[in-house]
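Inside the fold
Chain by chain, the residues run as shown.
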Amino acid sequence: MHELAICQALLDQVESIAAERKAHCVTSIIVGIGPLSGVEAQLLQNAYTIASAGTVAENAELVIDQMPVRVKCTQCGSESDTLPNKLICKQCGDWRTTLVSGDELMLLKVELEKQMKNEK
Ligand SMILES: [Zn+2]
């Protein structure tokens, strides 16, 4: 499963960040997903629940931010936000564009907790 592998890679990053900052647990993980990344937000959420079990991020909330699709025009040089199924330049309407963003999946932010709130 594609999403599970992605989650495991994300959790590897999260775990090393948590270890580096000596955090007890992770409260939330914010990831950015471009519409062209081929990743379904819902599937990622489901996979995350499975992948995070037993890790430092077990109780963390996974927040998914949808990233905009952005193209750069090879004709007029301007950058514009566009739709995933319509990669054309907003300025001149040319289709000869290159993708600036929209196909990425990245870890944007990790929120950590250093002390347990209710220490037993
Ligand atoms: Zn253009």
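Heads up: the structure comes first, above all this text.
For clarity, every value in this text was computed on a predicted model and none was experimentally measured.

A separate point is the sheet that holds strand E5 (residues 97–101). In sheet architecture, strand pairing relies on hydrogen bonds along the backbone and comes in two forms, parallel and antiparallel. Pairing is antiparallel in the open sheet, where three strands are placed in the order E4-E3-E5. Looking at the sheet topology across the chains shown, the edges are occupied by strand E4 (79–82) and E5. With strand direction ignored, the average angle separating the axes of adjacent strands in the sheet is 40°. Of the pairings in the sheet, the one linking strand E3 (residues 69–73) to E4 comprises four bridges and is antiparallel in character.

Looking now at unusual backbone geometry. Phi at Lys22 is positive, roughly 55°, even though this residue is not glycine. The residue Lys22 is located in the loop between helix H1 (2–20) and strand E1 (25–33) in this model. The exposed category is assigned to Lys22, whose relative accessible area is 68%.

Parameters at a glance
Residues numbered from 1 in each chain as written. Predicted model: local features only at pLDDT ≥ 70, side-chain atom pairs only at ≥ 80, totals over all residues. Heavy atoms only, no water. Pairing = 2+ DSSP bridges. Helix = DSSP H or I, 4+ residues; strand = E, 2+ residues; numbered from the N terminus. Axes fitted to C-alpha atoms, helices over the stretch in contact; angles between N-to-C directions. Buried < 20%, exposed > 50% of the residue type's maximum accessible area, 1.4 Å probe, protein only.

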